Amino acid sequence: MNEQLIETFLSNWERWGGDWERWDNPIAARLALLRYLNEQHRTEILSWQVDALPIPALADALNDAKFTLFPPHRRNLNPDLSIGLTSADAALAASGSLVMTPASGRSWLPALIPIHHVALLPVSRLYTDLDAWRRAWRASRPGDAARSLIISGPSISDDIEQHPHRGMFGPRQIHLILFHDGISA
Amino acid sequence: MIADQRTRHTLHRLGSLATTARNSAWARVKNPEGLKQRAVSARDRVLDDLPAHLARLEESARDHDVTVLRANDAQEANRLIIQTMRELGVTDALRNHHPLLDEIQIDRAAKANAIQLTPLHPGDHLAQLGGERPGHPIWPTGHLTVEAISAILQKKWRIPETYNPDHLASSVRMPLRRALLRAHTAILGVHFASVEDGVFVLLDNDGHNASLSSLARHVILLLSIEQVAATLNDLDALIQVFALSAWGRPLPAYVTQLQGPVPQEIDGPRTIHLILVDNHRTAIIEQGFGRALRCIQCGACHTVCPVYQQIGGDGYAHSPYTGPIGAVINPLLLRSDLGEPQAYLCAGGGHCRAACPVDVPIPELMHEQRRRLAQTHPQGEDKRHFSLWRRLLARPSLFIPYHRRSHKK
């Protein structure tokens, strides 16, 4: 993986207010996730289905650590939801963005509603920019739905004299766990 | 003219912050002229043959199970919205922030039809609470001071007196988030649509569009007929220039792309209705002002305009199209007594054209408007022009900074 691409992505990710940590392999990323969740002092996490998350043996690890993942449903959404856990289909270096497309078990709501969003991202999903991702997406899935969500930083409102206020609708904080997965992009 | 100095200062500050962010963001783009040219070509490709592109968009949308309707004017657009809501059996909805919704006066139509329509965008919500009209396409309350917003919230929601912007924003946040989580029907103004694949794009930094389009079971999309891209490649160029020029970012915090309804998914709408709104746009093209419709409503021309900074959004006869582009379009959109005088709201500095990411030739179009109006009212032009300048010259405190800014470059 092109180191320059990773650095550009992380620099732009930070520019828009995201924080991150970077690990050499999925196992280290799994430990980092458990540590981060422990620090938040929350045990219930709105999440993608665990088999849609790109880290092996995550279900057992979370279970052992007494974390409960629950899928989004209208009846379990409330304004005080604390943590949402997802991955992303792609990340765009030029804008520091995550891209999500729809699929079973991968609702957008964990990235949109809780106050903290934690995203697990293998480096193999990194693209230069929107055009590069769009080309790759269309080449690999011709005719597939173009429904997508591109997230570049936390939710910010600046309606009151341009003062930036975080977390108006979406997360106040986005924590990215980037890891090398040994797959070429 | 805005008499209150604090409000004028707020507008100047908005202009200064937005311009700095925009210039800085564009400076980081590798090939800014290339990107602008892509965006201009994308706009012209569609405007040169709008009917054919709209026909293809309709076809693409229907292929993805979107119900497509057409509205010739604002009245018809509102009638179709109300009719759709009745067919869905709903009497309340949330709406996003979009100038098209203000253009058709959807709030007024909803009220007249006993529909509870709540603006979800914090700026729109505050503006509605305070009885204010949006003064800028991106920051509807950009002209309001923190004191004015505090007074609105104290009066309407009885919040404790505070002038801390974070505390004020938090006061707005919780009720809006609660409303969002109960969302059943959404009325959404669309920023852009792509003929290729029938994609509809919503842009924002606070996430109200992404959340609302995910949670609402029924979505009614409204699209100005000219905000169409022929291809996804063109769409990407438009999204990028919009974000750079509106917010000074390579992309907004949230780009939401909708296609068809997704009845089987946990999130996403079960039905999507699309209303294509003309409302004089075909006539604008026929009258030779089609290049004005290149506008993507990013608001960049507002924040560099010395006239806008002196008169604010209220100076444009309460049209949602304010600033220099409003002065071009409003004479064609509004009643003659409200629209036509706006063609003279220009100092000729040309900052608007320099700031425009899709190269709308605003000064030329404004000149063309004045020529057209002079032909319609042969003795009117000088009278109107001198009347405006007489009023400006009578207030040296307004005129001097205005004059200096106009001649800085």
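Relevant structure appears above.
Not measured: the values here are computed from a predicted model.

Asks: Go over the overall build of chain A with me, naming the residues and quoting the values.
Replies: Summing up its helical and strand segments, chain A has five helices and 12 strands in all. Taken along the three principal axes of its C-alpha coordinates, chain A extends 45 × 40 × 30 Å. Counting the 185 residues in chain A, one finds 60% classified as buried. If you take every contact in chain A between residues at least 6 apart in sequence, the share linking residues at least 24 apart comes to 76%. Surface summary for chain A: the accessible area is close to 7,300 Å², and the carbon and sulfur share equals 49%. Of the charged side chains in chain A, 17 are positive and 20 negative, and the gap between their average positions amounts to 6 Å.

Asks: Let's hear about the packing of helix α7 (residues 122–129) of chain B against helix α8 (residues 146–157) of chain B: which residues, and what values?
Replies: Residue and element names in this part refer to chain B. Direction vectors running N to C along α7 and α8 enclose 65 degrees, while the axes themselves pass 10 Å from each other. Here α7 lies roughly perpendicular to α8, going by the angle between them. Helix-helix and strand crossings are classified by hand; for α7 and α8 the assignment is left-handed. Across the interface between the two elements, H125, L126 and L129 from α7 touch I149, I152, L153, K156 and W157 from α8. Of the residues assigned to the contact of α7 with α8, the class counts are six nonpolar, one polar and one charged.

Asks: Describe the nonpolar core, naming the residues involved and giving the relevant values.
Replies: Grouped burial of nonpolar side chains is what soluble globular proteins tend to show. If you look at the biggest cluster of nonpolar residues, it comprises 100 residues, and the most contacted ones within it are F9(A), L98(A), L120(A), L176(A), L221(B) and L274(B). For this core, the leading source of residues is helix α9 (residues 165–181) of chain B, giving seven residues. A25(B), C298(B), V358(B) and M366(B) belong to the second-largest nonpolar core, a separate cluster that totals 69 residues.

Asks: Got a sec to walk through the interface of chain B and chain A? Specific residues and values, please.
Replies: Taken together, the contact pairs 69 residues of chain B with 50 residues of chain A. Taking both sides of the interface into account, the surface hidden between chain B and chain A amounts to around 5,100 Å²; carbon and sulfur atoms contribute 54%. Seen at the junction of chain B and chain A, the total is five salt bridges. The salt bridge partner of R134(A) is D236(B), with a shortest N-O separation of 2.2 Å. Our count for the contact surface shared by chain B and chain A stands at 26 residue pairs in polar contact (both at pLDDT 80 or more). Elements represented by at least two residues in the side of chain B that touches chain A include exactly α1 (5–27), α7, α8, α9, α10 (208–215), α11 (232–247) and β9 (254–258) of chain B. Tallying contributions element by element places α9(B) first for the side of chain B that touches chain A, with 12 residues.

Asks: So what's going on with the sheet that holds strand β12 (residues 173–179) of chain A? Which residues, and what values?
Replies: Residues and elements named next belong to chain A. Here we have six strands laid out as an open sheet, ordered β1-β12-β7-β4-β2-β3, and parallel in their pairing. Looking along the sheet, the strands with just one partner apiece sit at the ends: β1 (19–23) and β3 (68–70). Each neighbouring strand pair of the sheet contributes to a mean axis angle of 25 degrees, computed without reference to strand direction. For strand β7 (residues 116–122) and β12, the ladder comprises seven bridges, and the chain directions are parallel. Note that in β12 the partner of V118 across the bridge is H175. Strands in contact with helix α1 (residues 3–15) are β1, β7 and β12; relative to β1, the strand with the most contacts, it is inclined by about 155 degrees. Packed on one face of the sheet, helix α2 (residues 26–40) meets β1, β2 (44–47), β4 (83–87), β7 and β12 and runs near 160 degrees to β12.

Rules used in this analysis
Residues numbered from 1 in each chain as written. Chains lettered and ligands numbered in written order. Predicted model: local features only at pLDDT ≥ 70, side-chain atom pairs only at ≥ 80, totals over all residues. Heavy atoms only, no water. Helix = DSSP H or I, 4+ residues; strand = E, 2+ residues; numbered from the N terminus. Buried < 20%, exposed > 50% of the residue type's maximum accessible area, 1.4 Å probe, protein only. Contact = heavy atoms within 4.5 Å. Areas by Shrake-Rupley, 256 points an atom, 1.4 Å probe, with all protein chains shown as cover. Lys, Arg positive; Asp, Glu negative; His and termini not counted. Charge placed at Lys NZ, Arg CZ, Asp CG, Glu CD. Axes fitted to C-alpha atoms, helices over the stretch in contact; angles between N-to-C directions. Parallel < 35°, antiparallel > 145°, perpendicular 65-115°, else oblique. Left-handed = near helix turned anticlockwise from the far one by under 90°. Nonpolar A, V, L, I, M, F, W, Y, C, P; charged D, E, K, R; others polar. Core = buried A, V, L, I, M, F, W, Y, C linked by side-chain atoms within 4.5 Å. Buried area = accessible area lost by both parts, 1.4 Å probe. Salt bridge = Lys/Arg side-chain N within 4 Å of Asp/Glu carboxyl O. Polar contact = N/O pair within 3.5 Å; in protein donor to acceptor, adjacent residues only side chain to side chain. Pairing = 2+ DSSP bridges.

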